[in-house]
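Topology and contacts: notes
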Amino acid sequence: ENETERMHEKQAEMRNLQLRAEKMALQERDALAALDALRDRHTQLQDEAVGRERALEERETQLRRQHDAQRSQIASLREELRALERERDALQANRDEELPDEFYC
């Protein structure tokens with residue numbers, strides 16, 4: 001009877017150990033699944049960051065090109081303005097030469 005009791009205790013102990021092992025295996029599986037999910041999220045965030053960085057670089061390039069075009073346009077307009085001023089000055093000088101001195105009274 002004593003041996004039977006010890007055998008039942010050992011069997012109960014083994015069942016408890018087996019249940020603990022199964023529980024630990026489930027926890028390990030859950031932990032690995034969580035780790036995989038974290039890795040996936042990390043990869044997703046990295047991809048999003050790379051995408052945003054590329055978009056920012058493209059926008060910066062676009063703005064630089066736009067700025068350069070505007071600077072070029074401003075330079076052209078200034079040159080055109082100088083040419084018009086020279087033309088105006090030449091016309092003014094010609095008009096002044098053609099008008100008699102009495103006109104300026």
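**Some details on the overall build of the protein**
Of regular secondary structure, the protein possesses one helix and zero strands. Expected size for 105 residues packed as a compact globule is a radius of gyration near 13 Å; at 44 Å, the protein overshoots this value by more than 25%. When the backbone C-alpha atoms are referred to their principal axes, the protein occupies close to 150 × 20 × 5 Å. When each of the 105 residues of the protein is scored for burial, the buried share is 0%.

**A short note on the environment of Arg-54**
Residue placement: Arg-54 occurs in helix H1 (residues 2-98). Overall, Arg-54 belongs to the exposed group, its relative accessible area being 51%. For Arg-54 and Gln-70, which are 16 residues apart along the polypeptide, the C-alpha to C-alpha distance reads 24 Å.

**Examining the pattern of salt bridges**
This structure, assessed with the given rule, holds six salt bridges. Between Arg-39 and Asp-36 there is a salt bridge, and its shortest N-O distance comes to 3.6 Å. Of this pair, Arg-39 and Asp-36 both sit in helix H1, three residues apart, which is roughly one turn of that helix. Relative accessible area serves as the criterion here: at 48%, Arg-39 is assigned to the partly exposed category. Take Asp-36: its relative accessible area is 43%, and that puts it in the partly exposed class. Of the charged contacts in the structure, one is a salt bridge between Arg-86 and Glu-79, with a shortest N-O distance of 3.6 Å. When salt bridges that share partners are traced, they join Glu-79, Arg-82 and Arg-86 into one network.

What counts and what doesn't
- Just so you know, the residues in each chain are numbered from 1, in the order the chain's sequence is written.
- With pLDDT at 70 or above as the cut-off, local features in this predicted model cover only qualifying residues; side-chain atom pairs require 80 or more to be listed or tallied, and sums for whole chains, interfaces and linings still use all residues.
- For side-chain calculations, the full set of non-hydrogen atoms in the structure is used, while hydrogens and water are omitted.
- A run of DSSP states H or I qualifies as a helix once it reaches four residues; a run of E qualifies as a strand once it reaches two. Both are numbered from the N-terminal end.
- Radius of gyration here is computed from C-alpha atoms only, and the compact-globule reference equals 2.2 Å multiplied by the residue count raised to the power 0.38.
- Note on exposure labels: buried denotes an accessible area under 20% of the residue type's maximum, exposed denotes more than 50%, and partly exposed covers the range between, all computed with a 1.4 Å probe on protein chains only.
- Just to be clear on terms, a salt bridge is a Lys or Arg side-chain nitrogen sitting within 4 Å of an Asp or Glu carboxyl oxygen.

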